[in-house]
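What follows is each chain in one-letter form.
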Amino acid sequence: TSINKLNKVYSKNVFHHGAIILDYGGGKYNTNKDYMEKTYGAILVIYDKYNRSDEENKIALEFAATHHLDYIICSNLLNVIFENEIIEFILSEISRYADDDTQIIFAIYEGDKSNIGKETNKGWQRNEKVKNYLPFIEKYFFVERCANSMIYCKKKG
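Residues numbered from 1 in each chain as written. Predicted model: local features only at pLDDT ≥ 70, side-chain atom pairs only at ≥ 80, totals over all residues. Heavy atoms only, no water.

Some remarks on the nonpolar core
- Among the nonpolar cores identified, the biggest contains 32 residues, and L22, L78, I94, F106 and I137 are the most heavily contacted of them.
- Elements represented by at least two residues in this core include exactly β1 (20-24), β2 (43-47), α3 (54-66), β3 (71-75), α4 (84-97), β4 (103-107), α5 (134-137) and β8 (150-155).
- Of all the elements, α4 adds the most residues to this core, at five residues.
- Ignoring sequence-local partners within four residues, the contact set of L22 consists of V45, Y47, A64, L69, Y71, I72, I73 and Y97.
- In this structure, A19, M36, Y40 and I46 belong to the second largest nonpolar core, which totals 16 residues. (Core = buried A, V, L, I, M, F, W, Y, C linked by side-chain atoms within 4.5 Å. Buried < 20%, exposed > 50% of the residue type's maximum accessible area, 1.4 Å probe, protein only. Helix = DSSP H or I, 4+ residues; strand = E, 2+ residues; numbered from the N terminus. Contact = heavy atoms within 4.5 Å.)

Describing α3
- With 13 residues, α3 extends 18 Å between its outermost C-alpha atoms, agreeing within 8% with the 18 Å of an ideal straight helix rising 1.5 Å per residue.
- Within the span of α3, buried status applies to N57, A60, L61, F63 and A64. The buried side chains of α3 occupy one side of the element, clustering within an arc of 155 degrees when seen end-on. In α3, the exposed positions angled more than 90 degrees off the buried face are occupied by D54, A65 and T66.
- Turning to α3, the residues buried within the fold contact β1, β2 and α4. (Expected span 1.5 Å × (residues − 1). Arc of directions from axis to C-beta.)

Right under this line is the structure:
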């Protein structure tokens, strides 16, 4: 699922000027990138296995591997993954690119909060509450706080 509108992670948080950000699963549109560049003078690179070309993804991950990232954003990705093993893989990948002081923000869309996953007109939706993702996330990250369907973390050492 890729939607062409400003993501709430970017509209509801304050970033420092010149921030360097990896948006893991950031979709095919540059709306967030354009906003962050204009508003914060940020460098935002987007990795998205399904919505970006192999070349774009290669460039994004090479950049992430060779630069200190101030933030890693993973928004509305975990909630559209059916397999728990793939969620674990995504989290381990994100952990690879984080430094000890990188702020990691996961945003979770809870859907109907029924805990019953189902296919929607936009694709698979887990419909799980934010708290259900914590056992996965806590394997790789220290959770600092949860607020407004966002989980703020730091990498475990």
